[in-house]
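Chain by chain, the residues run as shown.
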Amino acid sequence: MSGLPWSSHSVILREAVFEGYLVADSPLRIGVGREAPLGSAAHLAVLRIKLNGKLVPYIPGSSLKGFFRSTAILLANQKGLTVCSGLSKQTCMDQEYHESCRVKKLLEKIQEEMKNGNVANAIRLFHERACLLCKVFGAPSFRGHAEFIDSYPVNEDGDVQDVPVGVRTGIAINRRTGAVDQLYQVEYVESGARFRFSIGTTNLPNYALGLLAKVMRMLNDGWVRIGGFKTRGFGEVRVEGLHFTASGPTVQGTKLLAVDEKDSELDLAGRVSSTLRELEASGDKAWEVLAELEGVWDRVEFKP
Ligand SMILES: [Zn+2]
């Protein structure tokens, strides 16, 4: 191995992919704008994309990623792991970096190192100072190690499916007077809609895969919801046809080796089919693999 930390994109330790279908168990609201602020457009449409000539609702990768990151923040906090909010100007890249008597942002320091050709130093700085979630989901000037592609309503054969869309009338109340200010129409995807999802990861240690797995299970079990109007019962989503694959130098037969000193090795014998450098599992077996990964997350200890 090159000695580069796993957060470096110059080294390939492994690739792991979670894929399957997100199935709406309640109305689902993924749209432009959230809870209809007063004075907004009277009609809130769902996001649509043209696929094979059909205009259909979809779930943008950025929405799914935002959902995973915000849920992961809750899980990290429960473990006592300090992570940033990931919000603009509040990421780990925005933290102060003290150099002799000057204070700059970590991002500036890293960019300086890059400009001066000290790439290894820039990578080391990021790896040491950025939180786990910046490494997994990304930070300004840094591509994360989990990629969330757009989820489209396609079936197993790749055919675009019709997605039933409903409309509800919402009432905006004037906060000051308490009177009805305006009525607005909210479009949503009906329960039963299926969206094909794929989350591709590189170099993530078993505990970080376990963190993503935990978010997926919380979603599937109904502990967390996606999209808007959650307080009105929207956004319940279950995961169907789950498939997990992992490949690369840190995959050995049925084993997922440890990626860093905090990580622990997992032997998934009996749960996966494997070749020398690749393993995979589907359906219930894939959920068993996720449970094993979640166990690594539960056991990992982060030094304060
Ligand atoms: Zn961070």
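Structural notes, computed from the coordinates. Remember, predicted model here, so these are calculated numbers, not experimental data. (Residues numbered from 1 in each chain as written. Predicted model: local features only at pLDDT ≥ 70, side-chain atom pairs only at ≥ 80, totals over all residues. Heavy atoms only, no water.)

A few words on the layout of surface pockets. Roughly 560 Å³ of volume is contained in the largest pocket. As for the largest pocket, its lining consists of 20 residues, and the residues nearest its centre are Leu81, Ala130, Lys135, Lys262 and Phe302. Tallied by class, the residues present in the lining of the largest pocket amount to 9 nonpolar, 3 polar and 8 charged. (1 Å grid on protein atoms, 1.4 Å probe; cavity = no way out; pocket = protein on both sides within 12 Å on 5 of 7 lines; lining within 4 Å. Points joined across faces, edges and corners; volume = space filled by probe spheres on them. Nonpolar A, V, L, I, M, F, W, Y, C, P; charged D, E, K, R; others polar.)

Four donors placed tetrahedrally around a metal ideally meet at 109.5 degrees, and six donors placed octahedrally ideally meet at 90 or 180 degrees. Donor atoms from the polypeptide that bind the zinc ion are Cys84 (SG), Cys92 (SG), Cys131 (SG) and Cys134 (SG), placed at 2.2 to 2.4 Å. Of note is the zinc ion, whose 4 donor atoms meet at the metal with angles of 94 to 121° in an arrangement that counts as tetrahedral. If you list the donors of the zinc ion from N- to C-terminus, the spacing comes out as C-x7-C-x38-C-x2-C. As far as burial versus exposure is concerned, Cys84 and Cys92 are alike and both buried. (Donors = N, O, S within 2.8 Å, 3.2 Å for Na, K, Ca; no water. Tetrahedral: all angles 85-135°; square planar, octahedral: opposite > 155°, others 65-115°. Buried < 20%, exposed > 50% of the residue type's maximum accessible area, 1.4 Å probe, protein only.)

A few words now on the sheet that holds strand 18 (residues 278-282). Pairing is antiparallel in the open sheet, where 6 strands are placed in the order 9-12-1-13-18-17. The outermost strands of the open sheet, each flanked by one partner alone, are strand 9 (146-148) and strand 17 (273-275). Across the sheet, the axes of successive neighbouring strands diverge by a mean angle of 15°, strand direction being ignored. Here 5 bridges tie strand 13 (residues 237-247) to strand 18, and the two strands are oriented antiparallel to one another. Bridged to Ala246 within strand 18 is Leu279. Strand contacts of helix 1 (residues 61-78): strand 1 (15-24), strand 9 and strand 12 (194-202), with the helix running at about 130° to strand 9, the strand carrying the most contacts. Across the sheet, helix 6 (residues 283-299) lies against strand 1, strand 13 and strand 18, angled at about 75° from strand 13, the strand it touches most. (Pairing = 2+ DSSP bridges. Helix = DSSP H or I, 4+ residues; strand = E, 2+ residues; numbered from the N terminus. Axes fitted to C-alpha atoms, helices over the stretch in contact; angles between N-to-C directions. Contact = heavy atoms within 4.5 Å.)

Here the focus is helix 5 (residues 206-220). The terminal C-alpha atoms of helix 5, which comprises 15 residues, lie 20 Å apart, in line with the 21 Å expected from a rise of 1.5 Å per residue. The buried count for helix 5 comes to 12 of 15 residues, which makes it a mostly enclosed element. Taken as a whole, helix 5 has its buried residues at Asn206, Tyr207, Ala208, Leu209, Gly210, Leu211, Leu212, Ala213, Lys214, Val215, Met216 and Leu219. Just downstream of helix 5, Gly222 is the residue with a positive phi angle, here 85°. (Expected span 1.5 Å × (residues − 1).)

Here we take up the nonpolar core. Among the nonpolar cores identified, the biggest contains 80 residues, and Phe68, Leu132, Met216 and Phe244 are the most heavily contacted of them. Counting residues per element, this core draws most heavily on helix 5, which supplies 9 residues. Apart from the residues within four sequence positions on either side, Phe244 is in contact with Ala16, Val17, Phe18, Leu209, Leu279, Glu280, Ala281, Ala286, Val289, Leu290 and Leu293. By size, the runner-up hydrophobic cluster in this structure holds 7 residues, among which are Ala172, Tyr184, Phe229 and Phe234. (Core = buried A, V, L, I, M, F, W, Y, C linked by side-chain atoms within 4.5 Å.)

Moving on to a nonpolar patch on the surface. A cluster of nonpolar side chains, namely Ile171, Ile173, Val180 and Leu183, defines an oily patch on the protein surface of about 370 Å² accessible area. Within the residue set of the nonpolar patch, elements represented by two or more residues are strand 10 (165-173) and strand 11 (180-189). Counting through the fold element by element, Val180 comes out in strand 11. (Patch = residues over 30% accessible without salt bridge, like charges linked within 9 Å, V, L, I, M, F, W, Y side chains within 5 Å. Areas by Shrake-Rupley, 256 points an atom, 1.4 Å probe, with all protein chains shown as cover. Salt bridge = Lys/Arg side-chain N within 4 Å of Asp/Glu carboxyl O.)

Across the sheet, 3 strands lie side by side as 2-11-10; this open sheet has mixed pairing. What marks the edges here is a single partner per strand, and that holds for strand 2 (43-44) and strand 10. Examined bridge by bridge, strand 2 and strand 11 share 2 bridges and lie parallel to one another. Across the sheet, the residue bridging to His43 is Gln185, located in strand 11.

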